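Below are the chains, spelled out letter by letter.
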Amino acid sequence: MIGENPYFHRGPIRDAEYFYDRTRETALTLQMVKNRQSVSVVGPRRIGKTSFLFHLADPAVRAEHGLAPEECLFVYINGEDLGGLSRADILRLMLQETIAQTGKEKRDIPQPVDPHSFEQTVRESVKPGQHMVYLIDEFEYLSGNSNLDANFFSFLRSMTTRYSIVTASQVLLSALVRGRQMGSHFFNVFEPIHLGLFSEDDARRMIHGPSQAAGVEFSKSTEDFVLDLCGPHPFFLQVACFHAFELAREYPRFGGQVHGQLEERVQADLECHFEYFMKGLSEDEQRVLARLPDAGQSESPPEILKELERKCLVRRCNGVYKFASRAFARFVREYVGTTWAAAVAEGERRMATVLFADVAGFTRMTEQHIPEQILAIIKPALQMFVDAVDRYGGSIAAFGGDGIMALFGVPTERPDDAVRAVRAALEIQANVAEYARELKQNKGVDFSARVGLDTGVVVLGEIGGKQHTEFTAYGDAVNLAERMERQAEPGTVVISDHTYQQVRGWFRTESLGQLEVKGKAGAVKAYRVLGETRNGH
Ligand SMILES: Nc1ncnc2c1ncn2[C@@H]1O[C@H](COP(=O)(O)OP(=O)(O)OP(=O)(O)O)[C@@H](O)[C@H]1O
Ligand SMILES: [Mg+2]
């Protein structure tokens, strides 16, 4: 019998049974609270801060750490509710919550509430010797509340001598204080506790534990697949496990063949969350993410990589920064690839290598085959074009029915843009050659592609209307790259002299002499690229 889906991702976890990991953080925090210390829980979006506060407040959990309900009273306050309130209203709300927790009947709250009457009412409400613990979630709302002055925060600080306060925020309190009249040392009575990614073991426990208990046994390959897709991120894992569980219901013999479907569901569900993460990042952070897969990270500022690591979006494996989750990596690629909006400005001029790849003899093919056949032939080829561009860190600037235009140097400019572009071009031809052999053998179809490149300044611009906008590039380099592609014999890569000058020594080439190029005064030097030189020179 398969039970209810035990995975949950629509809000904080309220039940200790479904709360995973964080044993070290729980023990540390409760130990400090027991010692009357105040704590600030710091963790990025959706890492489980609210769930963690609820977990701390769970009577059974804290009883284990010597903080049974008769010994102390935990009051949860959602900072979001305090955002625009005045000092008196904030104190009143905190008092109401305190009284509600004591379980005693309602009592009158003095009006207006000031620090003095607040303290007095708390004293009268709690049992003698009972320790008060205020859990203040989303502390940003308090620190950002313009009704509050330094006096309020010094009162809050003085509260920590009598009660424990546990705040939760996305960044350190010291960072929230900056630029605010909060009293310069407000934060240093709080001991920070960081919430980050799970360990791999805990992630695996979260994948198979709840499903097993509900009567579904994920295979080892599904467990690996989910972990690879999500990384050890609790929220991403919950989303993926939720869908895996639903699929297991639909497909009794759930296995590798359903993984593709699982990935699509997870990707669709996480998209709006990824977008929310992305929009919360600075432009520099977005740029670093956009270039991360190309191992170009040695040029990325280390402090930005560290910040992205703190936000649990990247992590370091063997000294190399990687996306923490493959699903997020895919999102970034699609997001940056289609809009570039994060990385380039309208009308910006950039040095780039432009690559055109097209199917040779497409018009003839359309005369010989029905559209369904053409689609079946072209689709895998276009995918090969895109994959090669992607692998070498280029971005697609235009997509035609039988070809693509790609840019290397946009959104991020790198010194080896031209070399990477030529490598992508060679890979396209190598893969197409193999594909063409298969096509010939299986369907008797002749197939080949042409690739051409030029390097120069391009101007970036947004085109389209409300319904559909795209970034694309204009300029001489675009025109000349297209001409190079037209001049290429099927199956070959042709580069202009501009590109040649940038990649000399890296590739074996053959001069094609001066090519007459339509629309250009005079001839243009061009080269056919034969392959990569053995050691780059
Ligand atoms: N320890 C955990 N065990 C199981 N699931 C978790 C845990 N922590 C987080 N999650 C998952 O992550 C989701 C987000 O958790 P939560 O709302 O507590 O995060 P948050 O850091 O408070 O997020 P926000 O930044 O939006 O306030 C939960 O719905 C749950 O699916
Ligand atoms: Mg929260």
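Numbering of residues starts from 1 in each chain and follows the order in which that chain's sequence is written. Chain A is the first chain written and ligand 1 is the first ligand written, with later ones labelled in order. In keeping with the predicted nature of the model, local features appear solely for residues at pLDDT of at least 70, side-chain atom pairs appear and are counted solely at 80 or more, and the whole-chain, interface and lining totals rest on all residues.

### Overview of the environment of I304
Put simply, the test is: For helices the rule is a DSSP run of H or I covering at least 4 residues; for strands it is a run of E covering at least 2, with both sets numbered from the N terminus onward. Residues are scored as being in contact if the C-beta atoms we place from backbone atoms lie within 7 Å.
Mapped onto the secondary structure, I304 falls in helix α14 (residues 302–310). Through-space distance from the C-alpha of I304 to that of C230 is 22 Å; in sequence the pair is 74 residues apart. Residues in contact with I304, not counting those within four places in the same chain, are D284, E285 and V288.

### Describing the nonpolar core
Here is the rule: Only buried Ala, Val, Leu, Ile, Met, Phe, Trp, Tyr and Cys residues enter a nonpolar core, and they are joined through C-beta atoms within 7 Å. Labels follow a simple rule on C-beta atoms placed from the backbone: if 20 or more others lie within 10 Å of a residue's own, it is buried; if 12 or fewer, it is exposed; otherwise it is partly exposed.
The biggest cluster of nonpolar side chains holds 92 residues, and the ones touching the most others in it are V133, L135, V166, V226, L237, A240 and C241. When residues in this core are grouped by element, the largest group, 9 residues, is from helix α11 (residues 234–250). Those residues in contact with C241 that sit more than four places away from it in its chain are Y7, I207, S211 and V226. Listed in part, the 50 residues of the second largest apolar core include A388, Y392, M484 and Y527.

### Concerning the site of ligand 1
Spelled out, the test is: We count a residue as near a molecule or strand when its backbone-placed C-beta atom lies within 6 Å of that partner. Only Asp, Glu, Lys and Arg are considered charged in this grouping, and only Ala, Val, Leu, Ile, Met, Phe, Trp, Tyr, Cys and Pro are considered nonpolar; every other residue, Gly among them, is considered polar.
Close to ligand 1 lie 20 residues, the nearest being G48, T50, S51, F235 and Q238. Mapped onto the shell around ligand 1, the elements with two or more residues apiece are α2 (49–57) and α11. Counted by class, the shell around ligand 1 contains 8 nonpolar, 7 polar and 5 charged residues.

### Some points on the packing of helix α9 (residues 200–213) against helix α10 (residues 220–230)
So the rule is basically this: Here the axes come from fitting lines to C-alpha atoms, over the contacting stretch only for helices, and the angles between their N-to-C directions go from 0 to 180 degrees. Note on angle classes: values under 35 degrees are labelled roughly parallel, values over 145 roughly antiparallel, values of 65 to 115 roughly perpendicular, and the remainder oblique. By convention the crossing between two helices is left-handed if the near helix lies anticlockwise of the far one by an angle smaller than a right angle, and right-handed if it lies clockwise.
Packing of α9 against α10 brings their axes to within 10 Å, and their N-to-C directions diverge by 125 degrees. Classed by the angle they form, the pair α9 and α10 counts as oblique. As for the relative orientation of α9 and α10, their crossing is right-handed in sense. The residues of α10 that touch α9, namely those facing A203, R204, I207 and H208, are E223, V226 and L227. Across the contact of α9 with α10, the residue classes tally to 4 nonpolar, 1 polar and 2 charged.

### Let's talk about unusual backbone geometry
The phi angle at R36 is positive, at roughly 65 degrees, despite the residue not being glycine. The class for R36 is partly exposed, based on 13 C-beta atoms found within 10 Å.

### Points about the domain arrangement of the chain
Short version of the rule: An automatic or database domain assignment is the source of the domain bounds shown.
Looking at the assigned domains, one finds that the chain contains domain 1 (22–194) and domain 2 (346–532). Here domain 1 and domain 2 have C-alpha centroids that lie 60 Å from each other.

### Things to note about the pairing of strand β8 (residues 349–359)
Rules: Pairing between strands is defined by DSSP: at least two bridges between the two strands are required.
Counting buried positions along β8 gives 9 out of 11 residues, so the element sits mostly inside the fold. Bridge count for β8 against strand β10 (residues 403–408) is 6 bridges, and the pairing is antiparallel. Note on β10: the bridge partner recorded for A357 is I404.

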